[in-house]
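# Close look at the chain arrangement
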Amino acid sequence: MSSSVSPATRLLQQVRIAATDCVLYFHPESSATVAMGARAAAEGRIAASHRRWPVVSQLRRDVELIGLTQVQVHHAHGLAKWFSVGDAKEYAFDVVVIRLPSERVAFYQLVLDTVKVLKPGGRCVVVGGNEEGIKPAAKVLESVFGKCAVMGHAGGHRLLMSVRGERVDISALQPLVAPFDDVQSFLEVSHVLRGSPLSVFTRPGVFSWEHLDEATATLVEHMHVPERADVLDLGCGAGVLGAVAGRLLKHGTVTLVDADSEAIRCATGTMECSGTARWRVLASDVTEAVRDERFDVVLCNPPFHVGKTTDLTLPVRFIEEAAQVLRPGGTLQLVANRKLPYEWELERVFGNRRTVFDGNRFKVLSATRE
Ligand SMILES: C[S@@+](CC[C@H](N)C(=O)[O-])C[C@H]1O[C@@H](n2cnc3c(N)ncnc32)[C@H](O)[C@@H]1O
């Protein structure tokens, strides 16, 4: 077997799928996993949902390229948005495969969604790493379905399986997810930002969803938004930067982009209540959705954590792509942890940079497109 196949994908090769099965993939790791299921269930139906836009667009490209016409791919966390109870018959599945997400509540949501669509006798399969919480995940399956079997181990990962009997018990799980098992429920938090209160809408798994991030608050305090400008909030999360920018504008537009489907839903709620006149929220891999447009200000608090390590690949892309969508004279304004060496990147890409604020933990930097 090729060593380039991840342990999770390798384990999923063990799952038996019949030709007529209907299979649902939540949060799949790769197109390979979904393609494997689609080939086996040649007469069935395959659906997949993932909250990260780059994964979804890659998956859509791949299934089209391979000609897997029975596969539907949704940009969503679990069933959020694309499923309604009226669809229950049409969307009954023989197998639901969950690639364990890193956030606990996000996993619980996927298990509750599984219960909504798994046929009696159907299988719920979960794959994930020991470091990712696969052992506690087994306890969750056991409490819901009564039993959970470990079907395989590979490279520090496990494959779990539960069969849906006549009864399932979600009484222990539901309080841990409530009220967010309702896709229309949001946590609404009010903050006073630049002198006025702002309602921010969030959900589990969205960046800093339970409190205002200190770096975000630092950029809010120090960002400069002219009265007339087209502003891009790059990697908007729940939309705090875009909403504050919208209030500082007298004329102009605010565009918010993010890769996370839940962030997009939350930012939409935040913007609706912000009083901003002209705004939109788009799914995008960095600036992909606005590549042909131009802005006067790009605001961002770039993502840099991947698991427990620091990875600067994404922030570098954020800086490079911000430069491409700025008008001459336009500015990128970003906030970063003091230890992150973004000054070099700004110099390399823009040929200039300015320190707007230098605090104990965070700094705000800006660079101007020449
Ligand atoms: C550090 S958070 C900042 C969120 C928000 N701007 C704030 O300050 O509260 C970074 C955001 O970038 C988003 N993100 C990560 N990768 C992305 C990508 N490839 N394209 C667009 N957004 C991405 C994440 O979903 C997350 O919401």
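The rules behind each value
- Positions within a chain are numbered from 1, following the residues in the order the chain's sequence is written.
- Note on the predicted model: pLDDT of at least 70 is required for a residue's local features to be given, and 80 or more for side-chain atom pairs to be given and counted; whole-chain, interface and lining totals, by contrast, use all residues.
- Only hydrogens and water are set aside when side-chain values are computed; all heavy atoms of the structure are taken into account.
- Between N-to-C directions, angles cover 0 to 180 degrees, with each direction set by a line fitted to C-alpha atoms, over the stretch in contact for helices.
- Runs of H or I in DSSP of at least four residues are treated as helices and runs of E of at least two as strands, each being numbered from the N terminus.
- These descriptions rest on fixed angle ranges, namely under 35 degrees for roughly parallel, over 145 for roughly antiparallel, 65 to 115 for roughly perpendicular, and the rest for oblique.
- Here a crossing is taken to be left-handed if its near helix is turned anticlockwise relative to the far helix by less than a right angle, and right-handed if that turn runs clockwise.
- Any two residues whose heavy atoms approach within 4.5 Å are treated as being in contact.
- Three residue categories are used. Nonpolar comprises Ala, Val, Leu, Ile, Met, Phe, Trp, Tyr, Cys and Pro, charged comprises Asp, Glu, Lys and Arg, and polar comprises the others, including Gly.
- Between rings of Phe, Tyr and Trp, where Trp is taken as its six-membered ring, a pair exists when centres lie within 6.5 Å; planes separated by under 30 degrees are stacked, by over 60 edge-to-face, and by other angles tilted.
- We call a residue buried when its accessible area falls under 20% of the maximum for its residue type, exposed when it is over 50%, and partly exposed in between, using a 1.4 Å probe and counting protein chains only.
- Lysine and arginine charges are scored as sitting over a ring when NZ or CZ, respectively, is within 6 Å of the ring centre and within 35 degrees of the ring normal.
- A domain assignment, automatic or from a database, supplies the domain bounds used here.
- Accessible-area loss on putting two parts together, using a 1.4 Å probe and summing over both, is the definition of buried area adopted here.
- Basic side-chain nitrogens of Lys or Arg form a salt bridge, by our definition, when they fall within 4 Å of a carboxyl oxygen of Asp or Glu.
- As used in this structure description, the phrase polar contact means that two N or O atoms lie within 3.5 Å; if the pair is within protein, one of them must be able to donate a hydrogen and the other to accept it, and residues adjacent in sequence are counted only when both atoms belong to side chains.

Running from N to C, helix α7 (residues 214–222) and helix α8 (residues 240–248) cross one another at 15 degrees; their axes reach a closest spacing of 10 Å. One finds that α7 runs roughly parallel with respect to α8. Regarding α7 and α8, the two cross each other, and that crossing is right-handed. Contact residues: Thr216, Leu219 and Val220 in α7; Val240, Leu241 and Val244 in α8. Grouping the constituent residues of the contact of α7 with α8 by class yields five nonpolar, one polar and no charged.

In this section: the packing of aromatic side chains. Tallied over the entire structure, the rule returns three aromatic pairs. The interplanar angle of 50 degrees and the centroid separation of 6.4 Å between the aromatic rings of Phe107 and Tyr108 together place this pair among those described as tilted. Centroid distance Phe186 to Phe201: 6.2 Å. Interplanar angle 75 degrees. Geometry classified as edge-to-face. Residue Phe186 is located in the loop between α6 (174–177) and β8 (187–193), and its partner Phe201 is located in strand β9 (residues 196–202); the two are separated by 15 residues in the primary sequence. Classification of Phe186 as partly exposed rests on a relative accessible area of 26%. The ring of Phe186 has Arg203 lying over it, and the distance from NZ or CZ to the ring centre is 6.0 Å.

Domain boundaries assigned for the protein yield domain 1 (7–177) and domain 2 (187–368). Here the C-alpha centre of domain 2 lies 33 Å away from the C-alpha centre of domain 1. In this complex, domain 1 contributes 12 residues to the contact, which on the side of domain 2 involves 15 residues. Summing both partners gives a buried area of about 1,100 Å² for domain 1 against domain 2, and 51% of it is carried by carbon and sulfur. One salt bridge connects Asp260 with Arg51, and the closest N-O pair in it is separated by 2.6 Å. Along the contact surface separating domain 1 from domain 2 lie nine residue pairs in polar contact (both at pLDDT 80 or more). Mapped onto the side of domain 1 that touches domain 2, the elements with two or more residues apiece are α3 (53–66) and α4 (104–117). Its residues assigned to classes, the side of domain 1 that touches domain 2 shows five nonpolar, three polar and four charged.

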